Amino acid sequence: MRAVLRTVDRVLLGLVGLILLALGGSVLAIGFGAPAPSWWLHQGPHDVLLGEAERTRWRDAGWWWPVVIAALAVLLLLALWWLVAVVRRRRLAEVLVDTGDGEGAVLRGRALEAALAQEADRVDGVERAKVRLTGRRTAPATRIRLLLAPHVDPGTALHDLTSRALTHARASANLDDLPAEVHLRGVKHGAERVN
């Protein structure tokens, strides 16, 4: 679902940007004296975009206002859906821990993220680790970004992360499963001179 939202977000932003750029650029160009195509609404620097005839042409038609209101309502709902999808918190605030006595404990998500990031930073060759919890409070998942030193084998770093940091986090939170999505990236460094 997140990939679909990201794709929809990028496509909508791209379309809105292109439309605004085309309309604004053409109005600006015509305002500075560029010739306008015959079908264009705006014909010169002293012309208005929508004249009295264009603005009032369909006002007396019985279908006009319901169509306008329905189209604006759909646009409003789409804009609200887009805003909620962009602003919605993707970080898990708390994890429900089974204490074994029928009761449950709540572990703050940020505390688990910080502990997991500290332990991931201790893996040999990891320059920096960023951890984010996602999922549900009864079934959390992690997203981990590791910045690796140039000399590190990514497979070894990934094995060390899963066998140490993720295993400790799963055991300390008493979780049956803690899926992880790990992104590895190398530190940018200049070319070394070889003699």
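Here is what the cut-offs are and how they apply
- Residues numbered from 1 in each chain as written.
- Predicted model: local features only at pLDDT ≥ 70, side-chain atom pairs only at ≥ 80, totals over all residues.
- Heavy atoms only, no water.
- Axes fitted to C-alpha atoms, helices over the stretch in contact; angles between N-to-C directions.
- Helix = DSSP H or I, 4+ residues; strand = E, 2+ residues; numbered from the N terminus.
- Parallel < 35°, antiparallel > 145°, perpendicular 65-115°, else oblique.
- Left-handed = near helix turned anticlockwise from the far one by under 90°.
- Contact = heavy atoms within 4.5 Å.
- Pairing = 2+ DSSP bridges.

Visitor: Now, about the packing of helix H4 (residues 109-121) against helix H5 (residues 154-172): what can you tell me, with residues and values included?
Guide: Two numbers describe how H4 lies on H5: the axes approach to 9 Å, and their chain directions differ by 155°. Overall, the two elements H4 and H5 adopt an arrangement that is roughly antiparallel. When you trace H4 past H5, the crossing you get is right-handed. Each of Leu112, Leu116, Glu119 and Ala120 in H4 lies in contact with H5, whose residues at this interface are Leu161, Arg164, Ala165, Leu166, His168 and Ala169.

Visitor: Mind laying out the sheet that holds strand S3 (residues 126-135), listing which residues take part and the relevant values?
Guide: Pairing in this open sheet of three strands is mixed, and the strands run S3-S4-S5 from one edge to the other. Looking along the sheet, the strands with just one partner apiece sit at the ends: S3 and strand S5 (180-186). Sheet twist, expressed as the average angle between the axes of neighbouring strands with direction ignored, equals 15°. Bridge count between S3 and strand S4 (residues 140-148): nine bridges; the pairing is antiparallel. Directly across from Val126, in S4, lies its bridge partner Leu148. Against the sheet, H4 contacts S3 and S4, and its axis sits at roughly 150° relative to S3.

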